[in-house]
Amino acid sequence: MKVKVEGVLADDLSKVIIQVDVMIKDPKEEDFRPPIGPTHPKYWKLKSLEPEKAGLLQIEYSGVYQKQIRKTIREFDKLHALEVQD
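Anyway, here's the lowdown on the structure attached to this text. (Residues numbered from 1 in each chain as written. Predicted model: local features only at pLDDT ≥ 70, side-chain atom pairs only at ≥ 80, totals over all residues. Heavy atoms only, no water.)

This part covers the overall build of the protein. Within the protein, the regular secondary structure consists of three helices and two strands. Shown N-terminal to C-terminal, the secondary structure of the protein runs as helices and strands in the order β-β-α-α-α. The C-alpha radius of gyration computed for the protein amounts to 15 Å, which surpasses the reference 12 Å derived for 86 residues by more than 25%, pointing to a less compact arrangement than a globule. If one aligns the C-alpha atoms of the protein with their principal axes, the spans along those axes are about 45 × 30 × 25 Å. Residue burial in the protein is summarised as follows: out of 86 residues, 20% are buried. Contacts in the protein between residues at least 24 apart in sequence constitute 30% of all its contacts with a sequence separation of at least 6. Positive and negative charge centroids in the protein, built from 15 and 15 side chains respectively, lie 8 Å apart. (Helix = DSSP H or I, 4+ residues; strand = E, 2+ residues; numbered from the N terminus. Rg over C-alpha atoms; globule rule 2.2 N^0.38 Å. Buried < 20%, exposed > 50% of the residue type's maximum accessible area, 1.4 Å probe, protein only. Contact = heavy atoms within 4.5 Å. Lys, Arg positive; Asp, Glu negative; His and termini not counted. Charge placed at Lys NZ, Arg CZ, Asp CG, Glu CD.)

What follows is the structure in structure tokens.
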């Protein structure tokens, strides 16, 4: 599993919006892929949600715990704070 955290500057330049992307890879696969695709039994739920809520649901279905996401975001915030200070 791979969790990617990216900071995107808001349109009004007032803050950084954090985006989290989860990718998985089965042992027999060579490449990472989104955890939920059209063949997933709950894929229909993602299509009807707003992108932010769909992303959170996708993370939940992938087996990543909220605690892990919070830890990753804290680490990102620390790195971002260091970059701002430089």
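Our focus in this paragraph is the pattern of salt bridges. Inspection of every chain in the model, using the stated rule, returns two salt bridges. A salt bridge links Asp 26 to Arg 33, with the shortest nitrogen-to-oxygen separation between them at 3.1 Å. Overall, the relative accessible area of 35% leaves Asp 26 in the partly exposed class. Assessed through its relative accessible area of 29%, Arg 33 is described here as partly exposed. Arg 33 is the partner of Glu 29 in a salt bridge, and the nearest nitrogen-oxygen pair spans 3.1 Å. Within this structure, Asp 26, Glu 29 and Arg 33 form a network of salt bridges that share partners. (Salt bridge = Lys/Arg side-chain N within 4 Å of Asp/Glu carboxyl O.)

Examined bridge by bridge, strand β1 (residues 2-9) and strand β2 (residues 16-23) share eight bridges and lie antiparallel to one another. Note on β2: the bridge partner recorded for Lys 2 is Met 23. Connecting β1 to the next strand, β2, in antiparallel fashion are six residues, including Leu 13 with a positive phi near 60°. (Pairing = 2+ DSSP bridges.)

Attention now moves to the environment of Gly 7. Within the secondary structure, Gly 7 sits in strand β1. In this structure, the C-alpha to C-alpha distance between Gly 7 and Val 20, residues 13 residues apart in sequence, is 8.9 Å.

Right, let's get into the environment of Glu 30. Mapped onto the elements of the fold, Glu 30 is located in the loop between β2 and α1 (43-47). Classification of Glu 30 as exposed rests on a relative accessible area of 73%. Sequence-wise, Glu 30 and Pro 41 are eleven residues apart; in three dimensions their C-alpha atoms are separated by 23 Å.

No statement about biological role is implied by the geometric values presented.
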